[in-house]
Amino acid sequence: MTTNLPKPGDAINGGQALVRALELEGVEVVFGLPGGATLPIYDPILESSMRHILVRHEQGAGHMAQGYAHATGRPGVALVTSGPGATNIVTPLCDAYIDSIPMVCITGQVPYGAIGTDAFQECDTTGITMAVTKHNFLVTEAADLPRIVHEAFHIATTGRPGPVLIDVPKDIVDENNPRSAMQWYEATDADMELPGYNPSGEGDRTAIMAAAELITAAVRPVLYVGGGILKARAAESLRELAELTGIPVVTTLMARGAFPDSHELCLGMPGMHGNYTAVTAMQNADLLVSLGARFDDRVTGKLDGFAPGAKVVHVDIDQAELGKVRAVDVGIRGDCRLVIDSLIECIGELGGADAQSDRGAWRSQLSGWQEKYPLYYEQSEPGNLLKPQYVIEQLRDLNPADTIVASGVGQHQMYASNFWKFDHPYTWINSGGLGTMGFSIPAAIGAQVGMPDRRVWAVDGDGCFQMTAQELVTAAVERIPVKVALLNNGYLGMVRQWQELFYDERFSGVELGADVPNYVQWAEAMGCVGIRVDSPEEVGPAIAKANEINDRPVVVEFRTDPGENVFPMVPAGRTNSDVVVHPSQRGE
Amino acid sequence: MPHNKFHTIVTTVENKPGVLARVSGLFSRRGFNIESLAVAPTDDEKFSRITFTVDVESAPLEQVVNQLDKLINVVDIRELDPEASVSRELMLVTVAVGRERRTAILELIEDYRAYVLNENLTHMTLSLAARPAKLDEFEVDLRPYGITELQRTGRVALPRLDETPI
Ligand SMILES: Cc1ncc(C[n+]2csc(CCOP(=O)(O)OP(=O)(O)O)c2C)c(N)n1
Ligand SMILES: [Mg+2]
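Remember, predicted model here, so these are calculated numbers, not experimental data.

A.B. asks: Explain the domain arrangement of chain A to me, using residue names and the numbers behind them.
C.D. replies: Residues and elements named next belong to chain A. When the domains of chain A are assigned, the result is domain 1 (11-189), domain 2 (205-372) and domain 3 (388-563). Here the C-alpha centroids of domain 1 and domain 3 sit 30 Å apart. The interface of domain 1 with domain 3 comprises 24 residues on the first partner and 29 residues on the second. Note on domain 1 versus domain 3: buried area summed over both sides is about 2000 Å², and carbon and sulfur give 65% of it. Linking domain 1 to domain 3 there are one salt bridge. Glutamate 478 is the partner of arginine 51 in a salt bridge, and the nearest nitrogen-oxygen pair spans 3.2 Å. Summed over the shared surface of domain 1 and domain 3, the result is seven residue pairs in polar contact (both at pLDDT 80 or more).

In structure tokens form, the structure reads like this:
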């Protein structure tokens, strides 16, 4: 619609209005797949400035929109048809909801008058997605479209971000239907009708001062940093706070990269598969300063034994998070960046760096743990099976520091999170809250579309790969040169690990087999380059070769040791004090 | 009955389709049963008030209230302390009345300040708006005569006024 842009008052149809409204929100790319109900929306897309990327499955559209949003900070947009198109995108919506990813999903719907009659490809989309969206709309009049699109982007991107769905009946976008006739207007904030939505950003000053006092006095404090820091674009402020106070930082699975791993104050990832020092530091802390984190059970372990001696300062944009899981001593509702900035001021008023308690003993305890229990794996002897951790280390060392890594879900995700060094925010993209297998390939594609000049690697498992690999066809056709490191251990490895450790090695329903499918052939069939790696000495050259290919996607299949397990590990139902380290670090 | 577990929540919501489903969904997801529910537009037709009574412990309820507050269509939400609020429920009840019982029932009607809405030779339909506990008592007193039909509304409530001297 770059040609003949509608002017206010022009008679246009709802389909044109929807497309124009998206353009006005700054949308540059839409991930989608058409159907009967969205035909009238797809027609004006031909004239639009927006790029449409045709996915091969609607789940791919959703995860691409998420990957795009993760990498760019701008809301991702997906466009799918009614019925099966809508149900296919429910998983990404739920994923975006639990990980607070801004995205707007437009679904086609049967004509308004046919709703509720079991029409062809009808489903109750707003009903189905009510619990997995921040909000959803059923549009009933064409004239509402510009306003609702504006409201949807506002809701998706402000406060605690999240997915918003707009369900659009066919008649109101179909130019042949009189119900689609409307007069164009550009919706502004003044047009929004959201009396119940007031996202507030500034934290309460008195509470912030109380937090500053707790921080200044704490002897064994930890900054417990979650994905909210990234949503608030607060990485700079966080660094200033950490350096001012000298307090060590743990970055959760959703916050990897929010604080540089190479910084001396960084302890890395806490939680079920976190490193020993990060887990144990939280466990022994006298103060946890939670910034945009939500005390997920994968972080806390058994709750009543979690950080038993710690006071808690909890900062979150979402009031409902404060005290939800762990009682707080000071709860501050607000945007992490604004709150951290005022916290820095308040700490300054209390004397700043000089007024901080003596934490020498805490620091030496932490470095003692780091020395005794570093992240560890046993490198294989030449001719033996490849270790997945080694593959991640090589990837890390042979790629620029700002490479974007998108991960699937399973053992490979934990190896990637732990063994990569994240020194830049927005370089780690994964499905943390929902743990959606198949996330990585479409998320990597979305990230690459948003960040065309950056290198993007998907780190995937063989189980995950088989769930969404078809999107590599999308990437090949659209010339989106993502690279996939497929860690093929022939198993649903993470589940296999639990069966080995907690079910007496009774392996049930976890063996995929490493040889079928033939991943190299599959990659080639999808228009990608396929490379297979069996031994450690081939790893580096294969990565180097993949990095040279920029006109199509590359899949490097690494045949890894099927018996390798992720350590450390906090067994489910146990407290974090029971963290189990690598077998070779036990004893004493 | 453990009365301390009953909570009355009053929400002001946008008067739009689907809002009740969003609100009640937050309760059903957690397996909380809504004991009583009343929905009607307020004096401003753009908004409705949903008043509901739930039978849960306070801590999980606080969570639900926080989640309710996040719903885009929910404008305001308050929990009403029974001590600091006034509440009413309406009951319509049809009782069997023979000639000899009529006087006794008319006395009950007078005592409770109920109304006769409809009657014939054998039956009477009464209405009573009162505190829920009072409705329970009325029901008990009418039962011996034979209740043929009974319908109660959800509870509505408003905060008690401050005791400022006039
Ligand atoms: C859609 C979905 N189904 C099931 C699971 C449970 N699950 C978690 S990890 C995992 C194994 C993943 O296997 P693979 O992709 O090969 O990764 P690996 O653990 O072997 O590295 C499974 C089945 C899940 N997280 N998501
Ligand atoms: Mg596997």
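A.B. asks: Give me the packing of aromatic side chains: which residues, what numbers.
C.D. replies: Aromatic ring pairs are defined here through the distance separating the ring centres and the angle between the ring planes. Residues and elements named next belong to chain A. All chains considered together, the criterion is met by 15 aromatic pairs over all chains. Geometrically, the ring pair formed by tyrosine 377 and phenylalanine 419 is edge-to-face, given 5.6 Å between the ring centres and 80° between the ring planes. Of the two residues, tyrosine 377 sits in the loop between α15 (360-372) and α16 (388-397) while phenylalanine 419 sits in helix α17 (residues 411-419), which places them 42 residues apart along the sequence. A single burial state applies to tyrosine 377 and to phenylalanine 419, both of which are buried. When the ring of tyrosine 519 is compared with that of tryptophan 522, the centres are 6.2 Å apart and the planes differ by 25°; the resulting orientation is stacked. Here the residue tyrosine 519 and the residue tryptophan 522 both occupy positions in helix α22 (residues 519-525), the gap between them amounting to three residues, near one helical turn. With a relative accessible area of 1%, tyrosine 519 lands in the buried category. The class of tryptophan 522 is partly exposed, set by a relative accessible area of 27%. Pairwise contacts between aromatic rings join Tyr276, Trp362, Trp369 and Tyr373 into one cluster. Sitting above the plane of the tyrosine 426 ring, arginine 233 keeps its charged end 3.9 Å from the centroid. Over the ring of phenylalanine 567 we find arginine 586, and its NZ or CZ is 5.0 Å from the ring centre.

A.B. asks: Tell me about the site of ligand 1, and name the residues and values.
C.D. replies: All names here are of chain A. What surrounds ligand 1 is a group of 16 residues, the closest being Gln411, Gly435, Asp462, Cys464 and Gly493. In this structure, an oxygen atom belonging to ligand 1 sits 2.9 Å away from a main-chain N or O atom of tyrosine 491. Protein contact buries 76% of the 590 Å² of open area that ligand 1 shows by itself. Across the shell around ligand 1, the residue classes break down as seven nonpolar, eight polar and one charged.

A.B. asks: Let's hear about the confidence of the model for chain B: which residues, and what values?
C.D. replies: All names here are of chain B. Summarising the model, chain B shows a mean pLDDT of 91, and 96% of its residues fall at 70 or more. Within chain B, no element has a lower average pLDDT than helix α2 (residues 58-70), which sits at 88, and none a higher one than strand β7 (residues 123-130), at 97. Both scores are available for the predicted complex, with the pTM at 0.96 and the ipTM at 0.90.

Definitions and limits used
- Residues numbered from 1 in each chain as written.
- Chains lettered and ligands numbered in written order.
- Predicted model: local features only at pLDDT ≥ 70, side-chain atom pairs only at ≥ 80, totals over all residues.
- Heavy atoms only, no water.
- Domains from an automatic or database assignment.
- Contact = heavy atoms within 4.5 Å.
- Buried area = accessible area lost by both parts, 1.4 Å probe.
- Salt bridge = Lys/Arg side-chain N within 4 Å of Asp/Glu carboxyl O.
- Polar contact = N/O pair within 3.5 Å; in protein donor to acceptor, adjacent residues only side chain to side chain.
- Phe/Tyr/Trp six-rings, centres within 6.5 Å; stacked < 30°, edge-to-face > 60°.
- Helix = DSSP H or I, 4+ residues; strand = E, 2+ residues; numbered from the N terminus.
- Buried < 20%, exposed > 50% of the residue type's maximum accessible area, 1.4 Å probe, protein only.
- Lys NZ or Arg CZ within 6 Å of the ring centre and 35° of its normal.
- Near = heavy atom within 4 Å.
- Areas by Shrake-Rupley, 256 points an atom, 1.4 Å probe, with all protein chains shown as cover.
- Nonpolar A, V, L, I, M, F, W, Y, C, P; charged D, E, K, R; others polar.
- pLDDT = per-residue confidence, 0-100.

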